[in-house]
Amino acid sequence: MSRVYNFSAGPAVLPEEVLKEAANEMLDYQGTGMSVMEMSHRSKIFEGILNEAEQDFRDLLKIPDNYKVLFLQGGAHLQFAMVPMNLMKNRVADYIVTGQWAKKAFKEAAIYGKANKIASSEDETFSYIPDCSDLPVSSDADYVYICENNTIYGTKFHKLPNTKGKILVSDVSSCFLSEPMDVTQYGLVYGGVQKNIGPAGMVIAIIREDLITEDTLPGTPTYMKYKIHAEANSLYNTPNAYCIYICGKVFKWIKNMGGLEAMKARNEKKAAILYDFLDSSQLFKGTVRKEDRSLMNVPFVTGSQEMDAKFVKEATKSGLVNLKGHRSVGGMRASIYNAMPLEGVKALVEFMKKFEEENR
Ligand SMILES: *Cc1c(COP(=O)(O)O)cnc(C)c1O
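Residues numbered from 1 in each chain as written. Predicted model: local features only at pLDDT ≥ 70, side-chain atom pairs only at ≥ 80, totals over all residues. Heavy atoms only, no water.

**Points about the domain arrangement of the protein**
Reasoning step 1: In terms of domain boundaries, the protein breaks down into domain 1 (17–256) and domain 2 (259–358).
Reasoning step 2: Placing a centre on the C-alpha atoms of domain 1 and another on those of domain 2 gives a separation of 27 Å.
Reasoning step 3: In this assembly, 26 residues from domain 1 lie in contact with 26 residues from domain 2.
Reasoning step 4: With both sides pooled, the region where domain 1 packs onto domain 2 buries about 2100 Å², and carbon together with sulfur makes up 57% of that total.
Reasoning step 5: Counting across the domain 1 and domain 2 interface gives zero salt bridges.
Reasoning step 6: For the side of domain 1 that touches domain 2, the elements supplying multiple residues, two or more each, are α2 (44–61), β7 (155–156) and α6 (241–257). (Domains from an automatic or database assignment. Contact = heavy atoms within 4.5 Å. Buried area = accessible area lost by both parts, 1.4 Å probe. Salt bridge = Lys/Arg side-chain N within 4 Å of Asp/Glu carboxyl O. Helix = DSSP H or I, 4+ residues; strand = E, 2+ residues; numbered from the N terminus.)

Printed below as a string of C-alpha coordinates:
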(Lines give C-alpha, C1' and ligand atoms only; values in the text may rest on other atoms or scores of the structure.)
Protein backbone atom coordinates (compact mmCIF):
# COMPACT_ATOMS: atom_id res chain seq x y z
CA MET A 1 0.00 0.00 0.00
CA SER A 2 1.26 3.43 -0.77
CA ARG A 3 -0.59 6.60 0.10
CA VAL A 4 -0.01 9.88 -1.73
CA TYR A 5 -0.30 13.43 -0.45
CA ASN A 6 -3.66 14.37 -1.92
CA PHE A 7 -4.19 18.12 -2.42
CA SER A 8 -7.61 17.71 -4.02
CA ALA A 9 -10.17 20.48 -3.43
CA GLY A 10 -12.92 17.92 -2.91
CA PRO A 11 -13.71 15.14 -2.43
CA ALA A 12 -10.53 15.37 -0.45
CA VAL A 13 -8.10 13.79 1.95
CA LEU A 14 -9.55 12.13 5.07
CA PRO A 15 -7.67 11.25 8.27
CA GLU A 16 -5.90 7.94 7.85
CA GLU A 17 -6.97 6.88 11.34
CA VAL A 18 -10.61 7.29 10.32
CA LEU A 19 -10.17 5.27 7.13
CA LYS A 20 -8.45 2.47 9.03
CA GLU A 21 -11.16 2.36 11.68
CA ALA A 22 -13.85 2.24 9.03
CA ALA A 23 -11.96 -0.52 7.24
CA ASN A 24 -11.75 -2.54 10.46
CA GLU A 25 -15.48 -2.18 10.98
CA MET A 26 -16.42 -2.81 7.37
CA LEU A 27 -17.66 -6.38 7.75
CA ASP A 28 -18.83 -6.30 11.34
CA TYR A 29 -19.76 -3.06 13.04
CA GLN A 30 -19.39 -3.56 16.79
CA GLY A 31 -20.64 -7.12 16.86
CA THR A 32 -23.72 -6.51 14.70
CA GLY A 33 -22.36 -8.84 12.03
CA MET A 34 -22.94 -6.23 9.36
CA SER A 35 -21.50 -3.06 7.89
CA VAL A 36 -23.04 0.31 8.71
CA MET A 37 -23.85 0.40 4.98
CA GLU A 38 -26.15 -2.57 5.42
CA MET A 39 -28.15 -1.37 8.43
CA SER A 40 -31.60 0.09 8.70
CA HIS A 41 -31.50 3.80 9.29
CA ARG A 42 -34.34 3.20 11.77
CA SER A 43 -32.31 0.76 13.84
CA LYS A 44 -31.28 1.55 17.41
CA ILE A 45 -27.65 1.13 16.47
CA PHE A 46 -27.81 3.66 13.65
CA GLU A 47 -29.83 6.04 15.78
CA GLY A 48 -26.91 5.89 18.21
CA ILE A 49 -24.42 6.68 15.44
CA LEU A 50 -26.52 9.65 14.29
CA ASN A 51 -27.11 11.11 17.74
CA GLU A 52 -23.50 10.76 18.76
CA ALA A 53 -22.34 12.41 15.53
CA GLU A 54 -24.69 15.32 16.11
CA GLN A 55 -23.61 15.71 19.73
CA ASP A 56 -19.90 15.69 18.86
CA PHE A 57 -20.52 18.21 16.08
CA ARG A 58 -22.43 20.44 18.49
CA ASP A 59 -19.65 20.16 21.06
CA LEU A 60 -16.99 21.11 18.53
CA LEU A 61 -18.79 24.24 17.35
CA LYS A 62 -20.42 25.01 20.72
CA ILE A 63 -23.79 25.22 18.98
CA PRO A 64 -26.48 26.78 21.19
CA ASP A 65 -29.74 24.91 21.84
CA ASN A 66 -31.78 27.27 19.70
CA TYR A 67 -30.02 26.02 16.55
CA LYS A 68 -30.91 22.78 14.79
CA VAL A 69 -28.32 20.62 13.08
CA LEU A 70 -29.54 18.92 9.90
CA PHE A 71 -27.85 16.23 7.83
CA LEU A 72 -29.13 16.81 4.30
CA GLN A 73 -28.54 15.42 0.84
CA GLY A 74 -28.25 17.11 -2.53
CA GLY A 75 -24.94 18.84 -1.87
CA ALA A 76 -24.31 22.54 -1.53
CA HIS A 77 -26.05 23.03 -4.87
CA LEU A 78 -29.43 22.05 -3.43
CA GLN A 79 -28.91 24.63 -0.69
CA PHE A 80 -28.55 27.32 -3.36
CA ALA A 81 -32.31 26.72 -3.92
CA MET A 82 -33.40 25.60 -0.45
CA VAL A 83 -32.11 28.81 1.13
CA PRO A 84 -34.34 31.15 -0.92
CA MET A 85 -37.29 28.75 -0.90
CA ASN A 86 -37.29 28.71 2.89
CA LEU A 87 -35.98 32.14 3.84
CA MET A 88 -37.08 34.55 1.10
CA LYS A 89 -40.28 35.66 2.81
CA ASN A 90 -40.23 39.12 1.17
CA ARG A 91 -38.68 37.65 -1.96
CA VAL A 92 -35.64 39.89 -1.55
CA ALA A 93 -32.12 38.80 -0.67
CA ASP A 94 -28.68 40.37 -0.84
CA TYR A 95 -25.70 38.43 -2.14
CA ILE A 96 -21.99 39.15 -1.80
CA VAL A 97 -20.38 37.54 -4.80
CA THR A 98 -16.80 36.49 -4.11
CA GLY A 99 -16.45 33.51 -6.42
CA GLN A 100 -18.14 30.91 -8.59
CA TRP A 101 -20.06 29.30 -5.74
CA ALA A 102 -21.53 32.55 -4.47
CA LYS A 103 -22.34 33.49 -8.05
CA LYS A 104 -24.19 30.24 -8.61
CA ALA A 105 -26.13 30.71 -5.37
CA PHE A 106 -26.97 34.29 -6.44
CA LYS A 107 -28.23 33.14 -9.84
CA GLU A 108 -30.33 30.41 -8.24
CA ALA A 109 -31.91 32.87 -5.80
CA ALA A 110 -32.87 35.12 -8.73
CA ILE A 111 -35.25 32.36 -9.87
CA TYR A 112 -37.31 32.89 -6.72
CA GLY A 113 -37.20 36.58 -6.08
CA LYS A 114 -35.17 39.75 -6.24
CA ALA A 115 -31.56 38.81 -5.64
CA ASN A 116 -29.31 41.85 -5.26
CA LYS A 117 -25.59 41.66 -5.79
CA ILE A 118 -24.50 44.16 -3.12
CA ALA A 119 -20.77 43.53 -3.50
CA SER A 120 -18.50 41.56 -5.79
CA SER A 121 -14.82 40.93 -6.41
CA GLU A 122 -15.29 39.66 -9.93
CA ASP A 123 -13.50 42.75 -11.33
CA GLU A 124 -10.21 41.22 -10.19
CA THR A 125 -10.95 37.54 -10.81
CA PHE A 126 -12.24 37.12 -7.25
CA SER A 127 -8.73 37.56 -5.86
CA TYR A 128 -9.90 39.52 -2.81
CA ILE A 129 -12.77 39.97 -0.36
CA PRO A 130 -14.55 43.32 -0.79
CA ASP A 131 -14.88 45.74 2.12
CA CYS A 132 -18.17 44.70 3.69
CA SER A 133 -18.29 47.14 6.59
CA ASP A 134 -20.90 49.46 5.07
CA LEU A 135 -22.72 47.82 2.17
CA PRO A 136 -26.03 48.99 0.68
CA VAL A 137 -28.00 46.24 2.44
CA SER A 138 -31.62 46.33 1.20
CA SER A 139 -34.07 47.42 3.88
CA ASP A 140 -36.47 44.60 2.91
CA ALA A 141 -33.82 41.90 2.43
CA ASP A 142 -34.70 38.57 4.00
CA TYR A 143 -31.03 37.72 4.43
CA VAL A 144 -27.49 38.53 3.37
CA TYR A 145 -25.62 35.65 1.75
CA ILE A 146 -21.89 34.91 1.63
CA CYS A 147 -19.60 32.08 0.64
CA GLU A 148 -17.17 32.27 3.53
CA ASN A 149 -14.19 30.42 2.07
CA ASN A 150 -13.82 30.59 -1.68
CA THR A 151 -12.55 27.15 -2.59
CA ILE A 152 -11.63 27.96 -6.18
CA TYR A 153 -9.94 31.33 -5.60
CA GLY A 154 -8.42 30.77 -2.17
CA THR A 155 -9.91 33.73 -0.31
CA LYS A 156 -11.69 33.79 3.03
CA PHE A 157 -13.82 36.28 4.93
CA HIS A 158 -11.65 36.88 8.00
CA LYS A 159 -14.27 39.33 9.20
CA LEU A 160 -17.98 38.79 8.65
CA PRO A 161 -19.92 41.45 6.72
CA ASN A 162 -21.94 44.06 8.53
CA THR A 163 -25.44 42.90 7.58
CA LYS A 164 -27.09 45.85 9.30
CA GLY A 165 -29.27 43.56 11.35
CA LYS A 166 -30.24 41.19 8.55
CA ILE A 167 -29.85 37.43 8.89
CA LEU A 168 -26.51 36.15 7.68
CA VAL A 169 -26.47 32.97 5.59
CA SER A 170 -23.10 31.39 4.92
CA ASP A 171 -21.77 28.58 2.74
CA VAL A 172 -18.82 27.20 4.70
CA SER A 173 -18.25 24.07 2.60
CA SER A 174 -14.50 24.47 2.36
CA CYS A 175 -13.73 25.83 5.83
CA PHE A 176 -16.16 23.83 7.98
CA LEU A 177 -14.47 22.81 11.25
CA SER A 178 -11.14 24.29 10.20
CA GLU A 179 -11.30 26.76 13.10
CA PRO A 180 -13.77 27.86 15.79
CA MET A 181 -16.82 29.74 14.60
CA ASP A 182 -19.41 31.82 16.48
CA VAL A 183 -22.63 30.23 15.26
CA THR A 184 -24.74 32.95 16.89
CA GLN A 185 -23.54 35.40 14.22
CA TYR A 186 -25.53 33.49 11.62
CA GLY A 187 -29.13 32.56 10.86
CA LEU A 188 -28.04 29.63 8.73
CA VAL A 189 -24.67 28.04 8.08
CA TYR A 190 -24.27 25.11 5.75
CA GLY A 191 -21.51 23.17 4.10
CA GLY A 192 -21.00 20.17 1.88
CA VAL A 193 -18.96 17.69 3.89
CA GLN A 194 -16.77 16.43 1.05
CA LYS A 195 -14.24 19.25 1.41
CA ASN A 196 -13.13 19.22 5.00
CA ILE A 197 -15.19 16.62 6.83
CA GLY A 198 -16.18 13.39 5.11
CA PRO A 199 -17.20 11.58 1.93
CA ALA A 200 -19.28 13.30 -0.76
CA GLY A 201 -23.06 13.27 -0.72
CA MET A 202 -24.11 15.29 2.29
CA VAL A 203 -24.51 18.78 3.64
CA ILE A 204 -24.67 19.76 7.28
CA ALA A 205 -26.88 22.77 7.98
CA ILE A 206 -27.01 24.69 11.25
CA ILE A 207 -30.16 26.74 11.36
CA ARG A 208 -31.67 29.01 13.97
CA GLU A 209 -34.95 27.56 15.18
CA ASP A 210 -37.09 30.62 14.48
CA LEU A 211 -36.13 30.41 10.80
CA ILE A 212 -37.58 26.92 10.49
CA THR A 213 -41.17 27.65 9.51
CA GLU A 214 -44.13 26.37 7.53
CA ASP A 215 -43.99 29.63 5.61
CA THR A 216 -41.95 28.61 2.54
CA LEU A 217 -42.38 29.88 -1.01
CA PRO A 218 -45.44 28.43 -2.79
CA GLY A 219 -44.53 25.27 -4.66
CA THR A 220 -41.60 24.37 -2.42
CA PRO A 221 -41.27 20.58 -2.59
CA THR A 222 -41.84 18.85 0.75
CA TYR A 223 -38.32 17.51 0.69
CA MET A 224 -36.86 20.98 0.41
CA LYS A 225 -38.42 22.33 3.58
CA TYR A 226 -36.03 22.60 6.51
CA LYS A 227 -38.99 21.99 8.81
CA ILE A 228 -39.57 18.47 7.48
CA HIS A 229 -35.98 17.50 8.19
CA ALA A 230 -35.82 19.28 11.53
CA GLU A 231 -38.96 17.59 12.83
CA ALA A 232 -37.72 14.18 11.72
CA ASN A 233 -34.25 14.64 13.26
CA SER A 234 -32.70 14.23 9.76
CA LEU A 235 -34.55 10.92 9.33
CA TYR A 236 -37.46 12.08 7.18
CA ASN A 237 -36.30 9.61 4.56
CA THR A 238 -33.25 7.40 4.28
CA PRO A 239 -30.29 9.66 5.02
CA ASN A 240 -26.76 9.19 3.72
CA ALA A 241 -26.17 6.81 6.59
CA TYR A 242 -22.63 5.75 5.79
CA CYS A 243 -21.56 9.36 5.30
CA ILE A 244 -22.99 10.29 8.70
CA TYR A 245 -21.02 7.42 10.23
CA ILE A 246 -17.72 8.55 8.66
CA CYS A 247 -18.37 12.20 9.57
CA GLY A 248 -18.98 11.05 13.15
CA LYS A 249 -15.56 9.43 13.17
CA VAL A 250 -13.99 12.63 11.85
CA PHE A 251 -15.67 14.64 14.65
CA LYS A 252 -14.10 12.25 17.18
CA TRP A 253 -10.76 12.60 15.42
CA ILE A 254 -10.96 16.40 15.69
CA LYS A 255 -11.94 16.15 19.35
CA ASN A 256 -8.95 13.89 19.99
CA MET A 257 -6.70 16.38 18.23
CA GLY A 258 -7.81 19.01 20.73
CA GLY A 259 -10.89 20.50 19.07
CA LEU A 260 -11.21 23.49 16.79
CA GLU A 261 -8.68 25.74 18.55
CA ALA A 262 -6.05 23.07 18.01
CA MET A 263 -7.25 22.53 14.45
CA LYS A 264 -6.87 26.24 13.78
CA ALA A 265 -3.32 26.33 15.17
CA ARG A 266 -2.40 23.31 13.07
CA ASN A 267 -3.97 24.80 9.94
CA GLU A 268 -2.25 28.15 10.47
CA LYS A 269 1.08 26.43 10.85
CA LYS A 270 0.59 24.43 7.66
CA ALA A 271 -0.62 27.41 5.64
CA ALA A 272 2.24 29.61 6.87
CA ILE A 273 4.82 27.15 5.58
CA LEU A 274 3.33 27.31 2.11
CA TYR A 275 2.57 31.04 2.02
CA ASP A 276 6.02 31.97 3.42
CA PHE A 277 7.60 29.99 0.65
CA LEU A 278 5.34 31.57 -2.00
CA ASP A 279 6.28 35.04 -0.71
CA SER A 280 10.00 34.30 -1.03
CA SER A 281 9.94 32.35 -4.28
CA GLN A 282 11.20 33.79 -7.58
CA LEU A 283 9.21 31.28 -9.59
CA PHE A 284 5.91 30.72 -7.78
CA LYS A 285 3.42 33.38 -6.81
CA GLY A 286 0.24 33.32 -4.75
CA THR A 287 -2.74 34.74 -6.62
CA VAL A 288 -4.80 36.45 -3.90
CA ARG A 289 -4.54 39.53 -1.71
CA LYS A 290 -2.51 38.62 1.35
CA GLU A 291 -4.97 39.72 4.00
CA ASP A 292 -7.74 37.64 2.41
CA ARG A 293 -5.82 34.39 2.10
CA SER A 294 -7.56 31.13 2.91
CA LEU A 295 -6.02 28.61 5.30
CA MET A 296 -7.57 25.82 3.28
CA ASN A 297 -7.11 26.47 -0.45
CA VAL A 298 -3.87 27.94 -1.73
CA PRO A 299 -3.77 28.82 -5.44
CA PHE A 300 -0.45 29.73 -7.06
CA VAL A 301 1.07 30.20 -10.51
CA THR A 302 4.46 30.40 -12.21
CA GLY A 303 3.28 32.81 -14.88
CA SER A 304 3.80 30.28 -17.64
CA GLN A 305 1.24 27.66 -18.57
CA GLU A 306 3.92 25.27 -19.81
CA MET A 307 5.83 25.59 -16.55
CA ASP A 308 2.62 25.06 -14.54
CA ALA A 309 1.85 21.91 -16.49
CA LYS A 310 5.40 20.63 -16.04
CA PHE A 311 5.19 21.28 -12.31
CA VAL A 312 1.89 19.44 -11.90
CA LYS A 313 3.20 16.50 -13.90
CA GLU A 314 6.44 16.16 -11.96
CA ALA A 315 4.73 16.70 -8.61
CA THR A 316 2.31 13.88 -9.43
CA LYS A 317 5.27 11.57 -10.13
CA SER A 318 6.58 12.43 -6.68
CA GLY A 319 3.35 11.47 -4.95
CA LEU A 320 2.00 15.03 -4.60
CA VAL A 321 -1.28 14.76 -6.44
CA ASN A 322 -4.28 16.84 -7.52
CA LEU A 323 -2.37 20.13 -7.61
CA LYS A 324 -3.84 21.37 -10.87
CA GLY A 325 -5.75 24.63 -10.40
CA HIS A 326 -9.45 25.02 -11.11
CA ARG A 327 -10.14 25.42 -14.82
CA SER A 328 -11.32 29.01 -14.28
CA VAL A 329 -8.06 30.17 -12.62
CA GLY A 330 -5.41 27.90 -14.15
CA GLY A 331 -2.07 27.33 -12.44
CA MET A 332 -1.99 25.26 -9.29
CA ARG A 333 -4.03 24.94 -6.13
CA ALA A 334 -3.04 23.10 -3.00
CA SER A 335 -5.98 22.31 -0.76
CA ILE A 336 -4.61 21.70 2.70
CA TYR A 337 -7.68 20.73 4.68
CA ASN A 338 -7.73 19.49 8.29
CA ALA A 339 -6.67 15.98 7.34
CA MET A 340 -3.60 17.06 5.33
CA PRO A 341 -0.66 16.29 7.61
CA LEU A 342 2.07 18.86 8.25
CA GLU A 343 4.50 16.47 6.53
CA GLY A 344 2.42 16.74 3.35
CA VAL A 345 2.80 20.53 3.22
CA LYS A 346 6.50 20.26 4.03
CA ALA A 347 6.96 17.71 1.26
CA LEU A 348 5.18 20.03 -1.17
CA VAL A 349 7.36 23.01 -0.28
CA GLU A 350 10.54 20.92 -0.50
CA PHE A 351 9.43 19.76 -3.92
CA MET A 352 8.66 23.34 -5.02
CA LYS A 353 12.12 24.51 -3.89
CA LYS A 354 13.80 21.73 -5.83
CA PHE A 355 11.66 22.43 -8.88
CA GLU A 356 12.53 26.12 -8.70
CA GLU A 357 16.27 25.39 -8.59
CA GLU A 358 16.04 23.07 -11.55
CA ASN A 359 13.94 25.47 -13.61
CA ARG A 360 15.49 28.83 -13.03
C1 LIG B 1 -17.59 22.45 -3.56
C2 LIG B 1 -18.37 23.62 -3.16
C3 LIG B 1 -19.73 23.75 -3.51
C4 LIG B 1 -20.45 22.73 -4.36
O5 LIG B 1 -20.69 21.57 -3.64
P6 LIG B 1 -21.62 20.38 -4.17
O7 LIG B 1 -21.71 19.50 -2.98
O8 LIG B 1 -20.88 19.76 -5.32
O9 LIG B 1 -22.92 20.94 -4.58
C10 LIG B 1 -20.40 24.85 -3.05
N11 LIG B 1 -19.82 25.79 -2.28
C12 LIG B 1 -18.51 25.70 -1.93
C13 LIG B 1 -17.89 26.75 -1.08
C14 LIG B 1 -17.76 24.61 -2.35
O15 LIG B 1 -16.46 24.52 -2.00
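After presenting the structure, the write-up continues.
**Comments concerning the site of the ligand**
Reasoning step 1: Close to the ligand lie Gly75, Ala76, His77, Phe80, Trp101, Cys147, Asn149, Thr151, Asp171, Ser173, Gln194 and Lys195, which account for all nearby residues.
Reasoning step 2: Between the ligand and histidine 77 there is a distance of 2.5 Å, counted from an oxygen atom to a side-chain nitrogen or oxygen.
Reasoning step 3: Between aspartate 171 and the ligand, the recorded distance is 2.6 Å, taken from a side-chain N or O atom to a nitrogen atom.
Reasoning step 4: Protein contact buries 87% of the 390 Å² of open area that the ligand shows by itself.
Reasoning step 5: Counting atoms within 2 Å of the grid points, the majority share of the ligand lands in the second largest pocket.
Reasoning step 6: Looking at the shell around the ligand residue by residue, the class counts come to four nonpolar, six polar and two charged. (Near = heavy atom within 4 Å. Polar contact = N/O pair within 3.5 Å; in protein donor to acceptor, adjacent residues only side chain to side chain. Areas by Shrake-Rupley, 256 points an atom, 1.4 Å probe, with all protein chains shown as cover. 1 Å grid on protein atoms, 1.4 Å probe; cavity = no way out; pocket = protein on both sides within 12 Å on 5 of 7 lines; lining within 4 Å. Sits in = over half its atoms within 2 Å of the grid points. Nonpolar A, V, L, I, M, F, W, Y, C, P; charged D, E, K, R; others polar.)

**Describing the sheet that holds strand β9 (residues 188–192)**
Reasoning step 1: Read across the sheet, seven strands follow the order β2-β10-β9-β8-β5-β3-β4 without closing on themselves; strand pairing throughout is mixed. Where the open sheet ends on each side, the last strands, each with one partner, are β2 (67–72) and β4 (114–120). Averaged over all pairs of adjacent strands, the angle between their axes in this sheet comes to 20 degrees, without regard to strand direction.
Reasoning step 2: Where strand β3 (residues 92–97) lies against β4, six bridges are found, and the strand directions are parallel. Paired with valine 92 across the strands is lysine 114, a residue of β4.
Reasoning step 3: The sheet strands contacting α2 are β2 and β10 (203–208), and the helix crosses β2 at an angle near 130 degrees.
Reasoning step 4: Packed onto the sheet, helix α4 (residues 100–112) meets β3, β4, β5 (144–147) and β8 (168–171) and runs at close to 160 degrees relative to β3. (Pairing = 2+ DSSP bridges. Axes fitted to C-alpha atoms, helices over the stretch in contact; angles between N-to-C directions.)

**Let's talk about α4**
Reasoning step 1: The terminal C-alpha atoms of α4 lie 19 Å apart, and with 13 residues this matches the ideal 18 Å at 1.5 Å per residue to within 8%.
Reasoning step 2: Among all positions of α4, only Ala102, Ala105, Phe106, Ala109 and Tyr112 are buried. All buried residues of α4 project into a common sector of 105 degrees when viewed along the axis, lining one side. Of the exposed residues in α4, those oriented more than 90 degrees away from the buried face are Lys107 and Ile111.
Reasoning step 3: Those residues of α4 hidden inside the fold are in contact with α3 (75–87), β3, β4 and β5. (Expected span 1.5 Å × (residues − 1). Buried < 20%, exposed > 50% of the residue type's maximum accessible area, 1.4 Å probe, protein only. Arc of directions from axis to C-beta.)

**Describing the environment of leucine 72**
Reasoning step 1: Position of leucine 72 relative to the elements: it lies in strand β2.
Reasoning step 2: On the basis of relative accessibility, which here comes to 3%, the residue leucine 72 falls in the buried class.
Reasoning step 3: Through-space distance from the C-alpha of leucine 72 to that of tyrosine 226 is 9.3 Å; in sequence the pair is 154 residues apart.

**Observations concerning empty space enclosed by the protein**
Reasoning step 1: What the rule picks out here adds up to two cavities of 30 Å³ or more.
Reasoning step 2: In this structure, the largest cavity occupies an estimated 70 Å³ of space.
Reasoning step 3: The wall of the largest cavity is formed by Phe71, Leu72, Gln73, Leu78, Met82, Tyr223, His229, Ser234, Asn237 and Pro239.
Reasoning step 4: Considered class by class, the residues forming the lining of the largest cavity number six nonpolar, four polar and no charged.
Reasoning step 5: Within this model, the second largest cavity holds a volume of roughly 30 Å³.
Reasoning step 6: Residue lining of the second largest cavity: Val13, Leu14, Pro15, Asn196, Ile197, Val250, Trp253, Tyr337, Asn338 and Ala339, and that is the complete set.
Reasoning step 7: Partitioning the lining of the second largest cavity into residue classes produces eight nonpolar, two polar and no charged. (Points joined across faces, edges and corners; volume = space filled by probe spheres on them.)

**Some remarks on the sheet that holds strand β11 (residues 285–286)**
Reasoning step 1: Pairing within the open sheet is antiparallel, and its three strands lie in the order β11-β12-β14. The open sheet has two edge strands, β11 and β14 (332–335), and neither has a second partner.
Reasoning step 2: Across two bridges, β11 lies against strand β12 (residues 297–301) in antiparallel orientation. Counterpart to glycine 286 in the pairing with β12 is phenylalanine 300.
Reasoning step 3: Taken strand by strand, helix α7 (residues 259–280) contacts β11, β12 and β14, and its axis lies near 20 degrees from that of β12.

**Remarks on a nonpolar patch on the surface**
Reasoning step 1: The grouping of Met26, Leu27 and Met37 at the surface amounts to a nonpolar patch, some 340 Å² of accessible area in total.
Reasoning step 2: By relative accessible area, methionine 26 is classed as partly exposed at 32%. (Patch = residues over 30% accessible without salt bridge, like charges linked within 9 Å, V, L, I, M, F, W, Y side chains within 5 Å.)

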